[in-house]
Amino acid sequence: MNNLALTLWFINVVVDCAGQLAFKAAAQQSARYSGLKSWHHMLGRPWIWLGFLCYTVEFLVWLAFLSLVPLSVGMMLGSINVVVIMLAGRWCFKEKITPWRLLGMLLIALGVMIVGMR
């Protein structure tokens, strides 16, 4: 994988994680409301718009990344996002990482390492 592909992959991971964290923050801030009022409140929060922006950037970066690597490699490398988002959720929102989730994260990371070494 060349330096441009590696850079795009890293940007994709960071932007995807930031978008997921922003969506979670928007959802948490609106949790005290229900139904349409919850959605109305959420749409008024800057977090939701940051999440949309991150997803737009991620989409463009992902397309650029996929233009440089085979789809099978890109999808496998993209799965590291799951690990990064779970760790960020633990750090930012104090979410639990159970032993089964930890095992899953380790298996994903191992798979990404194997694909990345080819």
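To be clear, the structure that these remarks concern was listed above.
Residues numbered from 1 in each chain as written. Predicted model: local features only at pLDDT ≥ 70, side-chain atom pairs only at ≥ 80, totals over all residues. Heavy atoms only, no water.

### Brief notes about the environment of Gln 29
Positionally, Gln 29 belongs in helix α1 (residues 3–29). In sequence terms Gln 29 and Met 42 are 13 residues apart; their C-alpha atoms lie 7.3 Å from each other. Other than its neighbours up to four places away in sequence, Gln 29 contacts His 41, Arg 45 and Trp 47. (Helix = DSSP H or I, 4+ residues; strand = E, 2+ residues; numbered from the N terminus. Contact = heavy atoms within 4.5 Å.)

### Looking at the packing of aromatic side chains
In this description, a pair of aromatic rings is defined by centroid distance and the angle of the planes. Per the stated rule, a full pass over the model turns up four aromatic pairs. Centroid distance Phe 23 to Tyr 55: 5.0 Å. Interplanar angle 80°. Geometry classified as edge-to-face. Of the two residues, Phe 23 is situated in helix α1 and Tyr 55 in helix α3 (residues 46–66); the sequence distance between them amounts to 32 residues. Classification of Tyr 55 by relative accessible area gives partly exposed; the value is 31%. Among the aromatic residues, ring-to-ring pairing joins Phe 23, Trp 49, Phe 52 and Tyr 55 into one connected group. (Phe/Tyr/Trp six-rings, centres within 6.5 Å; stacked < 30°, edge-to-face > 60°. Buried < 20%, exposed > 50% of the residue type's maximum accessible area, 1.4 Å probe, protein only.)

### Some details on the packing of helix α5 (residues 80–93) against helix α6 (residues 99–117)
In contact at an axis separation of 8 Å, α5 and α6 are set at 140° when each is read in the N-to-C sense. Between α5 and α6, the angle is such that the two are oblique. Regarding α5 and α6, the two cross each other, and that crossing is left-handed. Here Ile 80, Val 82, Val 83, Met 86 and Leu 87 of α5 lie close against α6, whose contacting residues are Arg 101, Met 105, Ile 108, Ala 109 and Val 112. (Axes fitted to C-alpha atoms, helices over the stretch in contact; angles between N-to-C directions. Parallel < 35°, antiparallel > 145°, perpendicular 65-115°, else oblique. Left-handed = near helix turned anticlockwise from the far one by under 90°.)

### What to know about the packing of helix α4 (residues 71–78) against α6
Packing of α4 against α6 brings their axes to within 9 Å, and their N-to-C directions diverge by 145°. Here α4 and α6 pass one another in a crossing that is left-handed. Here Val 73, Met 76 and Leu 77 of α4 lie close against α6, whose contacting residues are Gly 111, Val 112, Val 115 and Gly 116. By residue class, the composition of the contact of α4 with α6 is five nonpolar, two polar and no charged. (Nonpolar A, V, L, I, M, F, W, Y, C, P; charged D, E, K, R; others polar.)

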